[in-house]
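Structural overview for review
One letter stands for each residue in the lines below.
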Amino acid sequence: MNSAQNSTNGSRDGAGWTAVTSIPLSEEGTAPDGQSIGSLVRDATTHLSTLVRSEVELAKTELAGEMKKAVKGSVYFILALAVLGFSMFFLFFTLAEGLAQLGLWRWAAFGIVFLLMLVVAGLMAFLGYLRVRKIRAPKRTIESLKETSQLAKRHKEEEPTPSA
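Note that residues are indexed from 1 along each chain, following the sequence as it is written. Under the rules for a predicted model, residues below a pLDDT of 70 receive no local features and side-chain atom pairs below 80 are neither given nor counted, while totals for whole chains, interfaces and linings still include all residues. Derived side-chain values reflect all non-hydrogen atoms in the structure, with water molecules and hydrogen atoms excluded from consideration.

1. Overview of the overall build of the chain
Short version of the rule: Put simply, DSSP marks the helices as runs of H or I at least four residues long and the strands as runs of E at least two long, and each gets a number from the N terminus on. Exposed residues in this analysis have more than 50% of their type's maximum accessible area, buried residues have under 20%, and partly exposed residues fall in between, with area computed by a 1.4 Å probe over protein chains only. Contact definition: two residues touch when any of their heavy atoms are within 4.5 Å. Computed with a 1.4 Å probe, the accessible areas rest on the Shrake-Rupley method; for each residue, only the protein chains presented here act as cover.
Across its full length, the chain holds three helices and zero strands. A total of 164 residues make up the chain; the buried ones form 8% of that total. A fraction of 16% describes how many contacts in the chain between residues 6 or more apart in sequence connect residues 24 or more apart. On the chain, roughly 14700 Å² of surface is accessible, and the fraction owed to carbon and sulfur atoms is 66%.

Written as structure tokens, this is what we have:
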């Protein structure tokens, strides 16, 4: 080795370099482990996306379980309504026979009961129509989804492109 190589004055013109007493923690624009800020943001976005998907999947699973319980429980209500529906026939038949016992012709008594049943069915259909007409789209959910979509678009536009 010559004297230029053994030089410790730190000059660049010689082949030897002086020992560095400290090492910078990171290069400019990189994290301590050597990843760039853009890649860290990309990783965070990926992890957040995975977390959201997992939460949605968990909600679906929980709702599916609860819906199965609700369906099993509602079967009994449906059976009760079916029995009630078939029992109504006997109520209306009894009403018609009672009108006939009051002195109406039998055919007229059954006609009056039939018209009464039509009026009740029409009234129920009208009330159902009024209730269904009040159903609206879930505005808050739609607005929230739009805001999330806009934030995702804005995030993609702001994300720095990885340089090679």
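2. A few points about the UniProt feature "transmembrane region" (unreviewed entry) in the chain
Short version of the rule: UniProt positions are given in the numbering used here, feature names are shortened, and annotations may be inferred rather than shown by experiment.
UniProt's feature table lists "transmembrane region" (unreviewed entry) at residues 75-95 and 107-130, given in the numbering used throughout. A distance of 30 Å separates the end C-alpha atoms of residues 75-95, which is 100% helix and 0% strand. The span residues 107-130 shows a helical share of 100% and a strand share of 0%, and its end C-alpha atoms are spaced 35 Å apart.

3. Describing a positive patch on the surface
Formally: For patch building, the residue pool is restricted to those with more than 30% relative accessible area and no salt bridge; the joining distance is 9 Å between like charges and 5 Å between nonpolar side chains (Val, Leu, Ile, Met, Phe, Trp, Tyr). Any Lys or Arg side-chain nitrogen located within 4 Å of an Asp or Glu carboxyl oxygen qualifies as a salt bridge. Under the convention used here, Asp and Glu are negative, Lys and Arg are positive, and both His and the chain ends fall outside the count. Every charge is mapped onto a representative atom, which is NZ of Lys, CZ of Arg, CG of Asp or CD of Glu.
A contiguous patch of positive charge, built from Arg131, Arg133, Lys134, Arg136 and Lys139, is present on the exposed surface. Here Arg133 lies in helix α2 (residues 106-133).

4. Here we look at the packing of aromatic side chains
Cut-off, in case you're wondering: Classification of ring pairs rests on two measures: the distance between centres of Phe, Tyr or Trp rings, Trp counted by its six-membered ring, which must be within 6.5 Å, and the angle between planes, read as stacked under 30 degrees, edge-to-face over 60 and tilted in between.
With the rule as written, the count across this model stands at four aromatic pairs. For the pair Phe89 and Phe93, a centre-to-centre distance of 5.9 Å together with 40 degrees between the ring planes defines the contact as tilted. With Phe89 and Phe93 both in helix α1 (residues 37-101) and four residues apart, the pair spans about one turn of that helix. The exposure class assigned to Phe89 is exposed, which follows from its relative accessible area of 52%. Classification of Phe93 as partly exposed rests on a relative accessible area of 36%. The interplanar angle of 65 degrees and the centroid separation of 5.2 Å between the aromatic rings of Phe93 and Phe110 together place this pair among those described as edge-to-face.

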